Amino acid sequence: MGSLDGRVALVTGAARGIGQAIAVRLASAGADIALCDLDAAWLEETAGKVREAGRRVECFACDVSQAAQVAEVVDKAGAAFGRIDVLVNNAGITKDTFLARMSEADWDAVLDINLKGTFLFTKAVSRLMMKQRSGSIVNIASIIGLIGNAGQCNYAASKAGVIALTKSVAKELASRNVRANAVAPGFIRTKMTEKLPEDIQKKMLEQIPLARFGEPDDVARVVLFLAGDDSAYVTGQVVSVCGGMVTA
Ligand code: NDP
């Protein structure tokens, strides 16, 4: 018996990387899964893995920064599955450059997808969760939202915003038995990080006490804990998954 038997989870940005690992991990624990990414066709690989785990899956195209698209996906997923027990706000992007060179467009794109997208999905799904009188929201932040980083003003601000949003939502929805927590990954091996130059990757590795980069499933296993009843008394928290890089 899995810890999420009978539950339904919606995972954004699920076509690859951390989002794919989360969807597969939650499915392995018994959840049926609604997947969303910019293009539904990109979700086929993840959907295949969810089916292999024996779970039902539905795929939705959605740009998380567009309110109308988010509302439509949540309506359709709610109708298809009858409920949503777990929301994982994972979709995220970087547009790294130093402050002096950062355009307004670079700022807006990152804030719109990482922070506004999390707000839009949280607002839409929390309506269902409040009616159900249960739910778990897990937001994928970043240790950069805790410690900042040169060249990532937009990304750091968006992820710090996700953390503050999470803490506020946790306080607002606790009385309806809806929990909200954030996971703050460090350096995880995905398409997002593979584009970093080798010398930067080497420097980062030197700062990781566990002396290895994280894998998407390192994050997914913590998300599973926060998604299910093992964390029933945990809300408004930030769990860093970073090999010990950040300890506060
Ligand atoms: P990836 O870039 O590998 O995957 C992100 C997924 O989100 C992609 O499929 C991407 O689609 C999708 N996406 C992008 N924009 C949107 C949008 N507007 N609407 C819907 N989906 C979208 O990233 P990771 O797996 O590495 O990262 C996942 C999350 O983890 C992000 O929030 C990231 O900030 C966070 N994180 C990652 C870390 C790491 O080291 N990898 C560290 C800390 C946090 P597309 O193919 O178009 O880009």
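### So, the environment of Gly228
Position of Gly228 relative to the elements: it lies in the loop between α9 (216–227) and β7 (238–241). Once you skip the residues sitting within four places of it in the chain, Gly228 turns out to touch Leu4, Arg7 and Arg179.

### Here we look at the nonpolar core
Membership of the largest hydrophobic core comes to 33 residues, with the highest contact counts inside it found for Ile22, Leu26, Ile33, Val88 and Val183. Only β1 (8–12), α1 (17–28), β2 (32–37), α2 (44–52), β4 (86–89), β5 (135–140) and α9 provide two or more residues apiece to this core. Per element, the largest residue contribution to this core is seven residues, and it comes from α9. For Val183, the contacting residues outside a window of four places in its chain are Val138, Asn139, Ile140, Ala141, Ser142, Val219, Val222, Val223, Leu226, Val239 and Val241. One finds Leu10, Val74, Leu120 and Ala170 within the second-largest nonpolar core, a separate group that totals 27 residues.

### Some details on unusual backbone geometry
The phi dihedral of Arg133 falls on the positive side, at around 60 degrees, and the residue is not glycine. In this structure, Arg133 sits in the loop between α4 (104–132) and β5. In this model, Asn177 sits at a positive phi of 65 degrees, which is unusual for a non-glycine residue. Along the chain, Asn177 falls in the loop between α6 (153–173) and β6 (178–185). In this structure Asn177 comes out as partly exposed when scored by relative accessible area, which is 47%.

### Concerning α9
With twelve residues, α9 extends 16 Å between its outermost C-alpha atoms, agreeing within 8% with the 16 Å of an ideal straight helix rising 1.5 Å per residue. The element α9 is largely enclosed, with a buried count of nine among its twelve residues. All buried positions along α9 are accounted for by Pro216, Asp218, Val219, Ala220, Val222, Val223, Leu224, Leu226 and Ala227. For α9, the elements touching its buried residues are α1, β4, β5, β6 and β7.

### Comments concerning the pairing of β6
Where burial is concerned, most of β6 is hidden: eight out of the eight residues are buried. Burial along β6 is two-sided: the face carrying Val178, Ala180, Ala182 and Ala184 and the face carrying Arg179, Asn181, Val183 and Pro185 are both buried. Summarising the sheet, β6 and β7 pair through four bridges and their orientation is parallel. The residue of β7 that forms the bridge with Ala182 is Val238.

### Description of the packing of α1 against α9
Relative placement of two packed helices is described by the angle separating their axes and the distance separating the axes. Direction vectors running N to C along α1 and α9 enclose 50 degrees, while the axes themselves pass 8 Å from each other. Of the possible angle classes, the one that applies to α1 and α9 is oblique. The chirality of how α1 crosses α9 is right-handed. Judged by residue contacts, Gly17, Ile18, Ala21, Ile22, Arg25 and Leu26 of α1 engage Pro216, Asp217, Val219, Ala220, Arg221, Val223, Leu224 and Ala227 from α9. Its residues assigned to classes, the contact of α1 with α9 shows ten nonpolar, one polar and three charged.

What counts and what doesn't
Residues numbered from 1 in each chain as written. Predicted model: local features only at pLDDT ≥ 70, side-chain atom pairs only at ≥ 80, totals over all residues. Heavy atoms only, no water. Helix = DSSP H or I, 4+ residues; strand = E, 2+ residues; numbered from the N terminus. Contact = heavy atoms within 4.5 Å. Core = buried A, V, L, I, M, F, W, Y, C linked by side-chain atoms within 4.5 Å. Buried < 20%, exposed > 50% of the residue type's maximum accessible area, 1.4 Å probe, protein only. Expected span 1.5 Å × (residues − 1). Pairing = 2+ DSSP bridges. Axes fitted to C-alpha atoms, helices over the stretch in contact; angles between N-to-C directions. Parallel < 35°, antiparallel > 145°, perpendicular 65-115°, else oblique. Left-handed = near helix turned anticlockwise from the far one by under 90°. Nonpolar A, V, L, I, M, F, W, Y, C, P; charged D, E, K, R; others polar.

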